[in-house]
Amino acid sequence: MDSVKDSTAFRVGPKVAANEKLQQDEPVILFPTTPTDNHVFLLGRPPLAEFLGFITTQMVGGNEADVGSLAAEWRAANEHIEELKMSEPGAARAAGLEPLPSPLAPIAEEVQQTQVYRRSFGIMPSEIAMLDLDSLVVFQKQINLRYVAELQSRLGESPSDQQLFEFCIPAGHENPQVRATRSGPNQWVFVSPSTDFRMLGAELIDPQAINQPVSSGYPSAVLGVVVGYGSNFLSAVASHGRMVLNNGSHRAYALRELGITRVPAVVQHVQSKEELTIVSSGDLTANPDRYLADIRPPLLRDYFDPALRKIVAVERHARQVRIQFAQEQLDVPG
């Protein structure tokens, strides 16, 4: 397991005045650096500019990196991919789904009846089944190894079928603490350590459903903007004879590293690129042919191929969501 400890190095502070006496070995002003995490980055896939941009802007010390050497690393990985296209032309063909172990079927049925499941996976035909991680196509290019280690410590090395199910399709969500700040008369900022943190939507709420006063007057309606976390289910999209990992990249990586390759997941069946834009996002919807048509797309097991991966130290980030509203008040004919 690749890991990195939090950095506690210090930078030198402002210049000390001539009449100030500095004790030996005493730092002037301490500025702790941001903690770093090791990430696995997939090499060799287009575009080269994206890889160079990530290294030079996100990697610790990346602004001083030798871009010529980086480009050579990428070319070597790209040549390896061309070899894989010849030797593994059918590697992305989806292995058949298998039913869940019978004791898990009632648990899966309960999950499918929840509001979270229906809202997240109700548009397209979906099921909860066992899938094969080694034939899984991936479009996320990097994995945070610190988070992988955290997930593995929660799961343990020999989970039962039920523990594996709850790891992949959790009934609840362990929400990391969120910091909320009002940064202006019409603006709020929310910060979470999780990259799953996001705006979930906006809804009109009946004022009678709110237990505490929300204004100094008598409200007729309340507009609620919801921030939080997604369903966090390990899920895949079945399309064009392939299975593409849609959510749960870190859990899938953690499981495969533990030697577990048959796992429960939510599978959505998609028949067209138009439907794909409804159930997914990111590079999968922006460049679907890279993952659904290329003879040898990136697979989950490529994260473990030394020829296709680069481990880089990246400063730890938090996810910030800023909500801002505008209002207009007019007198119009009644």
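A. Structural context of the nonpolar core. Judged by nonpolar contacts, the single largest core of 41 residues is most densely connected at Ile-128, Leu-131 and Leu-255. Every residue in contact with Ile-128, bar those within four places of it in the chain, is listed here: Leu-100, Ala-108, Val-111, Gln-112, Tyr-117, Phe-165, Ile-169, Ala-265 and Val-266. Core analysis: the second largest hydrophobic core is formed by 15 residues, Phe-51, Leu-52, Phe-54 and Ile-55 among them.

B. The packing of aromatic side chains, seen in detail. Tallied over the entire structure, the rule returns 8 aromatic pairs. Residues Tyr-117 and Phe-121 carry aromatic rings whose centres are separated by 5.2 Å and whose planes lie at 45° to one another, so their mutual orientation is tilted. Of this pair, Tyr-117 and Phe-121 both sit in helix α4 (residues 115-121), 4 residues apart, which is roughly one turn of that helix. For the pair shown, Tyr-117 and Phe-121 are each scored as buried.

C. Highlighting the sheet that holds strand β6 (residues 187-192). One open sheet holds the 3 strands; their spatial order is β5-β6-β13, and the pairing between them is antiparallel. Strands with a single pairing partner mark the edges of an open sheet, and in this sheet they are β5 (179-184) and β13 (319-324). Adjacent strand axes in the sheet meet at a mean angle of 20°, parallel and antiparallel pairs treated alike.

D. Seen up close, the sheet that holds strand β1 (residues 36-42). Judged by pairing direction, the sheet is antiparallel, and its 3 strands sit side by side in the order β4-β1-β12 without closing on themselves. Among the strands making up the open sheet, the edge pair consists of β4 (142-144) and β12 (309-315). Geometrically, the sheet is characterised by an average inter-axis angle of 30° between neighbouring strands, direction not taken into account. Bridging between β1 and β12 involves 7 bridges; their strand directions are antiparallel.

E. Looking closely at the packing of helix α5 (residues 145-155) against helix α7 (residues 249-257). Interaxial distance between α5 and α7 falls to 9 Å at its minimum, and their mutual angle equals 65°. Here α5 runs over α7; the crossing is right-handed. When α5 is examined against α7, the residues Leu-145, Tyr-147, Val-148, Leu-151, Gln-152 and Leu-155 are found in contact with a partner set consisting of His-250, Arg-251, Tyr-253, Ala-254, Leu-255 and Glu-257.

Rules and cut-offs
- Residues numbered from 1 in each chain as written.
- Predicted model: local features only at pLDDT ≥ 70, side-chain atom pairs only at ≥ 80, totals over all residues.
- Heavy atoms only, no water.
- Core = buried A, V, L, I, M, F, W, Y, C linked by side-chain atoms within 4.5 Å.
- Buried < 20%, exposed > 50% of the residue type's maximum accessible area, 1.4 Å probe, protein only.
- Contact = heavy atoms within 4.5 Å.
- Phe/Tyr/Trp six-rings, centres within 6.5 Å; stacked < 30°, edge-to-face > 60°.
- Helix = DSSP H or I, 4+ residues; strand = E, 2+ residues; numbered from the N terminus.
- Pairing = 2+ DSSP bridges.
- Axes fitted to C-alpha atoms, helices over the stretch in contact; angles between N-to-C directions.
- Left-handed = near helix turned anticlockwise from the far one by under 90°.

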